[in-house]
Amino acid sequence: MIQLKNLTQLCLSIYVIAAFSAQSLAQEAPNYSKDVAPILQEKCAACHNPEGIGPMPLLTYQQVQPFAALIHDRTSKRIMPPWHVDPGIGIQSFKNDASLSNAEIDTIEAWVEAGAPEGNPADLPTPITFPSGAEWQLADQLGPPDLIIKSSPFDVIANGQDQWWTPSVPFAGLDQERFLKAAEFKPSYPLGKKVVHHGHAVLVPEDGGRQVALARYGVGKSWEMFPEGTGMRVPANGNIAWNLHYFPVGAEGDDDVVEVGLWFYPEGQQPERETVGEAMFRVDGLKGMARGQDIVIPPHGYQVLQGTHRLDAPAVIHSYRPHLHMRGKVMTMEAILPNGDKEVLSQVNKYDHNWQIAYIYEDDVKPLLPTGTILQFTSVFDNTANNPINPDPEQWVVFGRRGVDEMSHAWVGITYINEEQYTQAVAERRAQQETLRIQ
Ligand code: HEC
């Protein structure tokens, strides 16, 4: 018990107590070593490392501290990590969710507001080793691919301009028709990871039959894996039409080769459900108009476009990947059911053309839609100066394949099923939900 002899001592004691509690508050503020480094390691470092696609490494306090304010800005606006689906509406459970939780965003904010302290390096998490970009991401689950197809080599020039490379390469390696289970699109590493913006590999069968998109890629989307019992029919012969869009910024190299790894169901096995993989749903030029004809965005203005598609068979939706360009801001996918109920399935509300993210639904929330459902897509374009990546708000903007022109469609991973499979799938989903409710 402290004896207070005089006023001076009283004041001194109060001062000491105040100083002490200020210190304990400071201790409560998050610090880098204990609180922030684990978040950055888990959610950022895979790209923000010296070989990754992020512009700067974020692996040590010395690297992170100068970017503290910028990190706060990008994370609080949910621009980084790249995951631009609206967290407030629609399905929220995804196989490839890369987003930060609200608690993680708050931790980063409190850390930056406290002056971005380092804390005690002894509290740092054990460093992790990143899977090299040279490895197949699906190999952990599926082993090495059954077949690898390669584009012909391309010399990449670092001129910061769009470059397209569209070689046709014979498809070899299968001696009979097979069913695809998974595919992964792998640019070379490290060069290709930095310079291949998007692309696809489409099999054009020898007999002139339906073309099969084996793999579609965008920065943010590199693989596709169908659920057990679902596969895509792949004929044995034909040519691969590669369509590669390079966007080199400061990186160059000769003979760049893109690979696609393919995993099949065993020979002779036909899965119960045959999928078309990602299908294009247009949000432009419908009702007899030429594609893209209705995209006309005025200078300093906005445009909203809507596209509706009736499902002529029941369907399961696996994934959602909007495709707009630099003025595109929002794309919403809604289902209008035959009974009139309307539901937002997903909404990307922070679309950023630098990223082509496929939002892959968890199996137990994949939309199961009856025949007659209308899928309705709504795109919003912002050609004002408020749009940070708008190259020139003075321009009228129309349809075109350059990033400065516009597009408006969604790639939707979809499997059409028959009525019997639909009834069964709905019953299974109900039973699952029932079990969840009881637990
Ligand atoms: C999938 C790869 C990837 C992940 C994961 C990722 N980033 Fe990024 N980051 C990028 C790329 C590429 C850019 C540059 C292009 C852009 O801004 O979209 C970038 C840009 C940034 C910028 C802006 C840099 C500048 O100079 O403008 C910040 C800040 C940032 N990231 C922080 C983070 C943080 C913090 C995380 C984790 C919470 C994170 N990033 C996760 C790839 C990634």
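Being a predicted model, the structure only gives us computed values, none of them experimental.

What counts as what
Residues numbered from 1 in each chain as written. Predicted model: local features only at pLDDT ≥ 70, side-chain atom pairs only at ≥ 80, totals over all residues. Heavy atoms only, no water. Buried < 20%, exposed > 50% of the residue type's maximum accessible area, 1.4 Å probe, protein only. Helix = DSSP H or I, 4+ residues; strand = E, 2+ residues; numbered from the N terminus. Arc of directions from axis to C-beta. Contact = heavy atoms within 4.5 Å. Domains from an automatic or database assignment. Buried area = accessible area lost by both parts, 1.4 Å probe. Pairing = 2+ DSSP bridges. Near = heavy atom within 4 Å. Polar contact = N/O pair within 3.5 Å; in protein donor to acceptor, adjacent residues only side chain to side chain. Nonpolar A, V, L, I, M, F, W, Y, C, P; charged D, E, K, R; others polar. Patch = residues over 30% accessible without salt bridge, like charges linked within 9 Å, V, L, I, M, F, W, Y side chains within 5 Å. Areas by Shrake-Rupley, 256 points an atom, 1.4 Å probe, with all protein chains shown as cover. Salt bridge = Lys/Arg side-chain N within 4 Å of Asp/Glu carboxyl O. Lys, Arg positive; Asp, Glu negative; His and termini not counted. Charge placed at Lys NZ, Arg CZ, Asp CG, Glu CD. Axes fitted to C-alpha atoms, helices over the stretch in contact; angles between N-to-C directions. Parallel < 35°, antiparallel > 145°, perpendicular 65-115°, else oblique. Left-handed = near helix turned anticlockwise from the far one by under 90°.

Novice: For this particular structure, what's the right way to read helix α2 (residues 32-43)?
Specialist: Buried residues of α2: Y32, S33, V36, A37, I39 and L40, and no others. Angularly, the buried residues of α2 cover 170° about the axis, an arc narrow enough to put them on a single face. In the core, the buried residues of α2 are packed alongside α3 (61-64) and α5 (102-113).

Novice: Could you clarify how one ought to interpret the domain arrangement of the protein in this entry?
Specialist: According to the domain assignment, the protein contains domain 1 (26-123), domain 2 (139-271) and domain 3 (278-426). Put simply, the middle of domain 1 and the middle of domain 2, counted by C-alpha atoms, are 32 Å apart. Listed as interface residues are four residues of domain 1 and, on the opposing side, five residues of domain 2. Taken together, both faces of the contact between domain 1 and domain 2 bury some 450 Å²; the carbon and sulfur share is 58%. Counting the surface domain 1 buries against domain 2, the share from its top three residues, E51, I53 and K95, is 80%.

Novice: Even after reading the chapter, I still don't get the pairing of strand β24 (residues 409-416), so can you show me in this structure?
Specialist: A regular strand places its side chains on the two faces of the sheet in alternate fashion. A large share of β24 lies buried, amounting to seven of its eight residues. Looking at chain direction, strand β14 (residues 278-282) and β24 are connected through five bridges and run antiparallel. Within β24, the residue paired with A279 across the bridge is V412. Looking at chain direction, strand β17 (residues 315-323) and β24 are connected through eight bridges and run antiparallel. Looking at the pairing, Y320 lines up with V412 of β24.

Novice: Where do I start with the site of the ligand in this structure?
Specialist: Looking at the ligand, there are 17 residues lining it, with C44, C47, H48, M80 and W355 nearest. In this structure, H48 approaches the ligand through a side-chain N or O atom, which is 2.8 Å from a nitrogen atom. W355 has a polar side-chain atom sitting 3.0 Å from an oxygen atom of the ligand. Broken down by element, the shell around the ligand gets its largest block of residues, four residues, from helix α4 (residues 68-76). Taken together, the residues of the shell around the ligand break down into 12 nonpolar, three polar and two charged.

Novice: Just checking my understanding: could you explain a negative patch on the surface for this structure?
Specialist: Together, D155, E252, D254 and D255 make up a negatively charged patch on the protein surface. Note on placement: D255 falls in strand β11 (residues 253-256).

Novice: I would appreciate a short explanation of the packing of α4 against α5 in the present structure.
Specialist: Each pair of packed helices can be summarised by the angle the axes make with each other and by the distance between the axes. Interaxial distance between α4 and α5 falls to 10 Å at its minimum, and their mutual angle equals 150°. By the criterion of interaxial angle, the relationship of α4 to α5 is roughly antiparallel. In this structure, α4 crosses over α5, and the sense of that crossing is left-handed. On α5, the residues touching A68, A69, I71, H72, T75 and S76 of α4 are I105, I108, E109, W111 and V112. Tallied by class, the residues present in the contact of α4 with α5 amount to seven nonpolar, three polar and one charged.

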